[in-house]
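Survey of secondary and tertiary structure
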Amino acid sequence: MFSFANPDPLPPPIGKIDPNLTISVMTFNSIGITMALALATFCIVHRKAPVIRASNPFLSLMVLFGCICAHCGIVASSAVPDERVAIQLTAYLVAGGYTIIFAAIVAKMGLIYWIISAKRRMNATSLKLVMAVLTCLTVQMVLIYSWFSNDVKKLNALVVGGTTWMVLNFSKTWALVCALPVLLLTGLACIWLISFVISRVTLMTANQQLSPRMPSR
């Protein structure tokens, strides 16, 4: 919710922030983008190393790409002059970035879960992984587009002490709906992580019970 008063002097336009804060936001996010690019370069250069190959460098690169998108979205919120364009860029880039991050993490955890738990070998190609992540991203983009297309912003006049305030309302329901893909992916990742930990603990307990006890001296 944003509010602004009618009488002179007019306040700064909606969406404008202090220039020093803008520099700080761009600086910190530039550091994040640089770190993501450095890690991506490291994964590409050492992609044949056993440790990197075991961690699935393709999905790791997708996670880093999502981080870059999210950082760019935060930068856009303060660097783009047009308020509406800035809000849309921030929504698309930040939400899309986090969707890519969590979709890739879920895919990586799913591979681990299937490899350990499945009775048959899973043939998960890079194309299938890309399609899974793109499906989640498409759902997220459609939700955000629907938000900006259908969310009717209402202007309500509020008089306080002889001053008329115009209050611009945004629907919180649409914001929650747009957050559902990330929330669902996070929940799925947590469920798989808990299931993996439980299965490992159960297996270790069973092995300890089956192993012969050492004779006491």
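Values in this document were obtained by computation on a predicted structure and should not be read as measured data.

What follows deals with the overall build of the chain. Looking only at helices and strands, the chain has 6 helices and 3 strands in total. Out of the 217 residues belonging to the chain, those deemed buried represent 28%. Long-range pairs, those at least 24 residues apart, make up 72% of the contacts in the chain with a sequence separation of at least 6. Looking at the chain as shown, the accessible area adds up to about 14,700 Å², and 71% of this sits on carbon and sulfur atoms.

Inspection of the secondary structure puts Gln140 in helix α5 (residues 126-150). Separated by 3.0 Å, the side chains of Gln140 and Thr99 make a polar contact. Aside from chain neighbours lying at most four places away, what touches Gln140 is Ala95, Gly96, Thr99, Cys178, Pro181 and Val182.

Turning to the packing of aromatic side chains, a few remarks are in order. Throughout the structure, instances matching the rule amount to 3 aromatic pairs. A centroid spacing of 5.5 Å and a plane angle of 20 degrees characterise the contact between Trp147 and Phe148, whose relative ring orientation is stacked. Each of the two residues, Trp147 as well as Phe148, counts as buried. Through successive ring pairs, a cluster of aromatic residues spans Tyr92, Trp147 and Phe148.

Our focus in this paragraph is the nonpolar core. Counting 17 residues, the largest nonpolar core has Leu59, Met62, Ile100, Ala104, Val106, Leu129 and Val133 as its most contacted members. Elements represented by at least two residues in this core include exactly α3 (57-79), α4 (83-117), α5 and α6 (172-210). In this structure, Ala91, Ile144, Trp147 and Phe148 belong to the second largest nonpolar core, which totals 7 residues.

This next bit is on the environment of Thr41. Among the structural elements, Thr41 can be located in helix α1 (residues 19-45). Placed 20 residues apart in sequence, Thr41 and Leu61 show a C-alpha to C-alpha distance of 9.2 Å.

Once that is clear, we can look at the side chain of Asn29. Turning to its location among the elements, Asn29 is positioned in helix α1. Residue Asn29 is classed as buried on the basis of its relative accessible area, which comes to 7%. A distance of 2.9 Å separates the side chain of Asn29 from the side chain of His71, its partner in a polar contact. With residues up to four places along the chain from it excluded, the contact list for Asn29 reads His71, Ile74 and Val75.

As recorded in UniProt, the feature "transmembrane region" (unreviewed entry) lies at residues 20-45, 57-80, 92-115, 127-148 and 174-198. Helix makes up 100% of residues 20-45 and strand 0%. Its end C-alpha atoms lie 37 Å apart. Taken end to end, residues 174-198 comprises 100% helix and 0% strand; its first and last C-alpha atoms sit 36 Å apart.

Moving on to the environment of Ser77. As for its position among the elements, Ser77 is in helix α3. For the pair formed by Ser77 and Ala91, sequence separation is 14 residues and the distance between their alpha carbons is 9.1 Å.

A few words now on a nonpolar patch on the surface. Taken together, the side chains of Leu176, Leu180, Leu183 and Leu184 make up a nonpolar region of the molecular surface, amounting to roughly 410 Å² of accessible area. Take Leu184: it is sitting in helix α6. According to the relative accessible area criterion, Leu184 is exposed, its value standing at 62%.

Predicted coordinates in regions of low pLDDT should not be interpreted in detail. Of the residues in the chain, 71% have a pLDDT of 70 or more, and the chain-wide mean is 76. This model gives residues 1-15 a pLDDT under 50, and the stretch forms 30 contacts once residues within four places in sequence are excluded.

Reading guide: rules and limits
- Residues numbered from 1 in each chain as written.
- Predicted model: local features only at pLDDT ≥ 70, side-chain atom pairs only at ≥ 80, totals over all residues.
- Heavy atoms only, no water.
- Helix = DSSP H or I, 4+ residues; strand = E, 2+ residues; numbered from the N terminus.
- Buried < 20%, exposed > 50% of the residue type's maximum accessible area, 1.4 Å probe, protein only.
- Contact = heavy atoms within 4.5 Å.
- Areas by Shrake-Rupley, 256 points an atom, 1.4 Å probe, with all protein chains shown as cover.
- Polar contact = N/O pair within 3.5 Å; in protein donor to acceptor, adjacent residues only side chain to side chain.
- Phe/Tyr/Trp six-rings, centres within 6.5 Å; stacked < 30°, edge-to-face > 60°.
- Core = buried A, V, L, I, M, F, W, Y, C linked by side-chain atoms within 4.5 Å.
- UniProt positions renumbered as here; feature names shortened; annotations may be inferred.
- Patch = residues over 30% accessible without salt bridge, like charges linked within 9 Å, V, L, I, M, F, W, Y side chains within 5 Å.
- Salt bridge = Lys/Arg side-chain N within 4 Å of Asp/Glu carboxyl O.
- pLDDT = per-residue confidence, 0-100.

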